[in-house]
Amino acid sequence: MATLLLFCSVTSAAESTTLSDYRLGSGDLLSIQVFGEEDLSMEIRLSDAGTIAYPFLGELKILNMTIGNLSERIQEGLADGYLHDPQVSITVLEYRQFYINGEVEEPGGYPYQPGLTLQKAVALAGGFTERASKSKLFVSHDGETTKPRLVQLNTQIKPGDIITIEQSFF
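The rules behind the values
- Note on numbering: residues in each chain are counted from 1, in written sequence order.
- Residue-level local features of this predicted model are given only where pLDDT is at least 70; pairs of side-chain atoms are given and counted only at 80 or more, and the full residue set underlies all totals for whole chains, interfaces and linings.
- For the side-chain quantities, the full set of heavy atoms in the structure was used; hydrogens and water were omitted.
- Secondary structure elements are defined from DSSP: runs of H or I of at least 4 residues count as helices, runs of E of at least 2 residues count as strands, and each element is numbered from the N terminus.
- The buried label goes to any residue with under 20% of its type's maximum accessible area, the exposed label to any with over 50%, and the partly exposed label to all in between, with areas taken from a 1.4 Å probe on protein chains only.
- Residues are treated as being in contact if the distance between any of their heavy atoms lies within 4.5 Å.
- Residue exposure ignores everything except the shown protein chains as possible cover, and the areas themselves are Shrake-Rupley values with a 1.4 Å probe.
- When DSSP finds two or more bridges between a pair of strands, those strands are recorded as paired.
- A 1.4 Å probe that fits into a set of points on a 1 Å grid over the protein atoms alone but cannot get out defines a cavity; an open set with protein on both sides within 12 Å along at least five of seven lines defines a pocket, and lining residues are those with an atom within 4 Å of a point.
- Grid points are joined across faces, edges and corners, and a volume is the space filled by probe spheres set on the points.
- For this classification, Asp, Glu, Lys and Arg are treated as charged, while Ala, Val, Leu, Ile, Met, Phe, Trp, Tyr, Cys and Pro are nonpolar and the rest, including Gly, are polar.
- The salt bridge criterion pairs a side-chain nitrogen of Lys or Arg with a carboxyl oxygen of Asp or Glu, the two atoms within 4 Å.
- Take the buried residues of types Ala, Val, Leu, Ile, Met, Phe, Trp, Tyr and Cys, join any two whose side-chain atoms come within 4.5 Å, and each joined set is a nonpolar core.
- We define a polar contact as two N or O atoms separated by no more than 3.5 Å, with the added condition that, inside protein, one atom must be a possible hydrogen donor and the other a possible acceptor, whereas residues neighbouring each other in sequence contribute only through side-chain atom pairs.

**Quick look at the overall build of the protein chain**
Line of reasoning, step 1. Looking only at helices and strands, one finds three helices and 10 strands in the protein chain.
Line of reasoning, step 2. Starting at the N terminus and walking to the C terminus, you meet the elements of the protein chain as α-β-β-β-β-α-β-β-β-α-β-β-β.
Line of reasoning, step 3. Evaluated residue by residue, the protein chain yields a buried proportion of 38% over its 170 residues.
Line of reasoning, step 4. Here the contacts in the protein chain between residues at least 6 apart in sequence split such that 51% fall between residues at least 24 apart.
Line of reasoning, step 5. When the accessible area of the protein chain is evaluated, it comes to approximately 10,000 Å², of which 53% is carbon and sulfur surface.

Written as structure tokens, this is what we have:
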């Protein structure tokens with residue numbers, strides 16, 4: 001277990017440089033560590049409403065916050081009458097799923113992995129069907145209300161993205 005946690009921490013630390021602007025969303029699993037305070041350290045998943053329940057601070061709405069924003073918010077909350085100079089470390093243990101539909105063998109939701117491209121997402125979904133278009137590939141980002149955008153196979157996929165693979169008309 002300790003090895004797994006160490007691996008996740010190292011992996012998440014390496015990912016944090018590429019996902020520093022990553023916005024938290026419903027379904028993300030977080031590890032919150034408060035140095036020297038085991039009772040305040042926990043693993044917690046964001047609710048459908050984008051909230052978490054945290055000791056002393058109550059329900060925190062953290063949807064669309066970055067890890068840095070959340071860390072500051074918890075530090076400030078704990079420093080306000082609970083702890084002297086709290087040290088808070090937060091990592092994403094598990095990102096929310098991305099979804100792929102249309103002309104792939106196994107449409108559905110899949111666990112997000114940092115560095116995921118559209119081509120890798122298609123591979124996770126069992127590959128293209130015979131009728132799949134390799135040029136009509138669309139992605140809409142979680143929380144965006146704009147029309148899905150046309151993308152290429154090397155496009156980076158984000159947690160919560162919805163991918164649609166259209167049919168090709170021979």
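After that view, the rundown keeps rolling.
**Notes on the sheet that holds strand S9 (residues 149–150)**
Line of reasoning, step 1. Ordered in space as S7-S6-S10-S8-S9, the five strands form an open sheet in which the pairing is mixed. The open sheet is flanked by strand S7 (108–110) and S9, the only strands paired with a single partner.
Line of reasoning, step 2. With two bridges joining them, strand S8 (residues 132–140) and S9 adopt antiparallel strand pairing. The residue of S9 that forms the bridge with Phe-138 is Leu-150.

**Details of the environment of Ile-44**
Line of reasoning, step 1. Locating Ile-44 in the fold gives a position in strand S2 (residues 42–45).
Line of reasoning, step 2. The contacts of Ile-44, once residues within four sequence positions are left out, are Asp-28, Leu-29, Leu-30, Ile-32, Ile-52 and Ala-53.

**What to know about the layout of surface pockets**
Line of reasoning, step 1. Each pocket or cavity is described by its volume, and for the largest pocket that value is around 600 Å³.
Line of reasoning, step 2. Lining the largest pocket are 27 residues, and of these Tyr-22, Arg-23, Arg-96, Lys-158 and Pro-159 lie nearest its centre.
Line of reasoning, step 3. Split into classes, the residues belonging to the lining of the largest pocket amount to 10 nonpolar, 10 polar and seven charged.

**Looking at the pattern of salt bridges**
Line of reasoning, step 1. All told, the structure shown has three salt bridges when counted by the stated rule.
Line of reasoning, step 2. Between Arg-96 and Asp-28 there is a salt bridge, with the nearest N and O atoms lying 3.0 Å from each other. Separated by 68 residues along the polypeptide, Arg-96 in the loop between strand S5 (88–94) and strand S6 (98–102) and Asp-28 in the loop between helix H1 (2–16) and strand S1 (29–34) bring together distant segments of the chain. Accessibility classification places Arg-96 together with Asp-28 in one group, the buried group.
Line of reasoning, step 3. A salt bridge links Glu-94 to Arg-45; the nearest nitrogen and oxygen atoms lie 3.0 Å apart. Taken together, the residues span a long stretch of sequence, with Glu-94 in strand S5 and Arg-45 in strand S2 at a distance of 49 residues.
Line of reasoning, step 4. Judged by its relative accessible area of 37%, Glu-94 falls in the partly exposed class.
Line of reasoning, step 5. Through salt bridges that share partners, Asp-28, Arg-96 and Asp-142 make up one connected network.

**Observations concerning the nonpolar core**
Buried together is how nonpolar side chains tend to be arranged in soluble globular proteins.
Line of reasoning, step 1. Membership of the largest hydrophobic core comes to 38 residues, with the highest contact counts inside it found for Ile-32, Tyr-54, Ile-62, Ile-74, Ile-100, Ile-163 and Ile-165.
Line of reasoning, step 2. For Tyr-54, the contacting residues outside a window of four places in its chain are Ile-32, Val-34, Leu-40, Met-42, Leu-60, Ile-74 and Leu-78.

**Remarks on the side chain of Thr-51**
Line of reasoning, step 1. If you trace the backbone, Thr-51 turns up in strand S3 (residues 51–54).
Line of reasoning, step 2. Side chain to side chain, Thr-51 and Ser-47 meet in a polar contact 2.8 Å long.
Line of reasoning, step 3. In terms of polar contacts, Thr-51 uses its side chain to reach the side chain of Glu-59, at 3.2 Å.
Line of reasoning, step 4. Excluding anything up to four places from it in sequence, Thr-51 contacts Arg-45, Leu-46, Glu-59, Leu-60, Lys-61 and Ile-62.

**Topic: unusual backbone geometry**
Line of reasoning, step 1. Positive phi, normally seen in glycine, also occurs at Asn-64, with a value near 75°.
Line of reasoning, step 2. The residue Asn-64 is located in the loop between strand S4 (58–61) and helix H2 (67–79) in this model.
Line of reasoning, step 3. In this structure Asn-64 comes out as partly exposed when scored by relative accessible area, which is 47%.
Line of reasoning, step 4. Not every positive phi belongs to a glycine, and Asp-85 is a case in point at roughly 50°.
Line of reasoning, step 5. One can find Asp-85 in the loop between H2 and S5.
Line of reasoning, step 6. The exposed category is assigned to Asp-85, whose relative accessible area is 53%.

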